[in-house]
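Okay, here's what each chain looks like letter by letter:
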Amino acid sequence: MNSLVQSLFMTHAFRAGIYSWSSTAAAEADGEAASAAQPAAAIADNVCFELQRLFVALHHSEATSYDPTALTDALSLDTSVQQDAQEFNKLLLSLIETHLRRSPEPALQSLVQSTFRGESCYRTVCARCERPFASSATRHPLYELELRLKPSGGTALQESLLEYVCKEELEGVECGHCSSRQNATRNICLASLPPVLSLQLLRF
Ligand SMILES: [Zn+2]
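Residues numbered from 1 in each chain as written. Predicted model: local features only at pLDDT ≥ 70, side-chain atom pairs only at ≥ 80, totals over all residues. Heavy atoms only, no water.

As recorded by an unreviewed UniProt entry, the protein chain carries the name ubiquitinyl hydrolase 1 and is attributed to Emiliania huxleyi. In the Catalytic activity (unreviewed entry) part of its UniProt record, the protein chain is described as follows: "Thiol-dependent hydrolysis of ester, thioester, amide, peptide and isopeptide bonds formed by the C-terminal Gly of ubiquitin (a 76-residue protein attached to proteins as an intracellular targeting signal)." (UniProt positions renumbered as here; feature names shortened; annotations may be inferred.)

What follows is the structure in C-alpha cells.
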C-alpha cells in the first residue's frame, strides 16, 4: 500500500486534485453550517482529508515515517488481508473513486477517471471475411496495463507491450457477417490512453 500511495502522491494531477479538496465545501454540501465548531464532524473519516494529511506529511514533514491507519480506516480497508499488488491497486483506486464521487466538487468526483482511466476494446476479426465482429466496437474502461516481464534487458517493456496487444488465434467462433463458425484473430486495442498510464509489471 505504501508504494502505491507514494505513486499517487508523485502523480502531480492527482496530488493537486486532492489538495484542492475543501472541508468547508464538503460541510456545506452535507447541509451543515460551515462554522468553526463543526469542521471536525465534516472531515471525520473523510478520505480526501486523510489523503491530504498523508500527502502534506510526505511533502513537508521531516518525520521518518507516517502512520496511514486513519486513511485505511476512512477507506474501510481490511488490512489483515494480504493481496497481490496489482489486485490491491485496483481495490485502492476503486475505494478512492467511490469516496471521491461523494465530493461536492465535480473535478474531485472524476479525479480518478480523468487521471487514470482510458479505454480498450477486444478486436476480433474473422479469418474468412476479414471483417471485425460487432463486439469489437465495445469499449471497456482501462485503468492499468498488466504486463508480463521479459527477462531480456533494456527493451523488456517494449516487448511486454507488444505481447500485450499481440493477436491470438481463435477457432470456430460465430461470425455475424458469414453467419457461420469461422476461425478468427483477437487482440486488445488501446482505444484511448489516460493522462497517466499505470503499468503493472507481473513477474509470474
Ligand atoms: Zn466472417
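There's plenty left to go through after this.
1. Quick look at the packing of aromatic side chains
Within the structure shown, the criterion is met by five aromatic pairs. Considering the side-chain rings of F14 and F116, the 5.9 Å spacing of their centres and the 50° angle between planes classify their relative orientation as tilted. Of this pair, F14 sits in helix α2 (residues 12-19) while F116 sits in helix α9 (residues 111-116), and the two are 102 residues apart along the sequence. Residue F116 is classed as buried on the basis of its relative accessible area of 5%. Each residue in the set F9, F14, Y19, F55 and F116 is aromatic and connected to the rest through ring pairs, giving one cluster. (Phe/Tyr/Trp six-rings, centres within 6.5 Å; stacked < 30°, edge-to-face > 60°. Helix = DSSP H or I, 4+ residues; strand = E, 2+ residues; numbered from the N terminus. Buried < 20%, exposed > 50% of the residue type's maximum accessible area, 1.4 Å probe, protein only.)

2. Notes on the confidence of the model for the protein chain
Per-chain confidence: the protein chain averages 85 in pLDDT, with 86% of residues scoring 70 or above. Scored below 50 in pLDDT, residues 36-41 shows two contacts in the model against residues more than four places distant or in partner chains. (pLDDT = per-residue confidence, 0-100. Contact = heavy atoms within 4.5 Å.)

3. Here we look at the coordination of the zinc ion
Those donors, C126 (SG), C129 (SG), C175 (SG) and C178 (SG), are the protein atoms that reach the zinc ion, and they lie 2.2 to 2.4 Å from it. Around the zinc ion, the four donor atoms sit at angles spanning 102 to 117°, and that spread fits a shape best called tetrahedral. (Donors = N, O, S within 2.8 Å, 3.2 Å for Na, K, Ca; no water. Tetrahedral: all angles 85-135°; square planar, octahedral: opposite > 155°, others 65-115°.)

4. Examining the pairing of strand β1 (residues 118-126)
In this sheet, strand β2 (residues 140-142) lies alongside β1 in antiparallel orientation, the contact comprising three bridges. Among the inter-strand pairings, G118 is bridged to a residue of β2, identified as L142. (Pairing = 2+ DSSP bridges.)

5. Concerning the pattern of salt bridges
One pass over the full model with this rule turns up eight salt bridges. As a salt-bridge pair, E50 and R53 come within 3.3 Å of each other at their nearest N and O atoms. Residue E50 and its partner R53 are located together in helix α5 (residues 47-60), separated by three residues, close to a single helical turn. Taking relative accessible area as the criterion, E50 reaches 8% and is therefore assigned buried. Among the charged side chains, a network of salt bridges with common partners joins E87, K90, E144 and E146. (Salt bridge = Lys/Arg side-chain N within 4 Å of Asp/Glu carboxyl O.)

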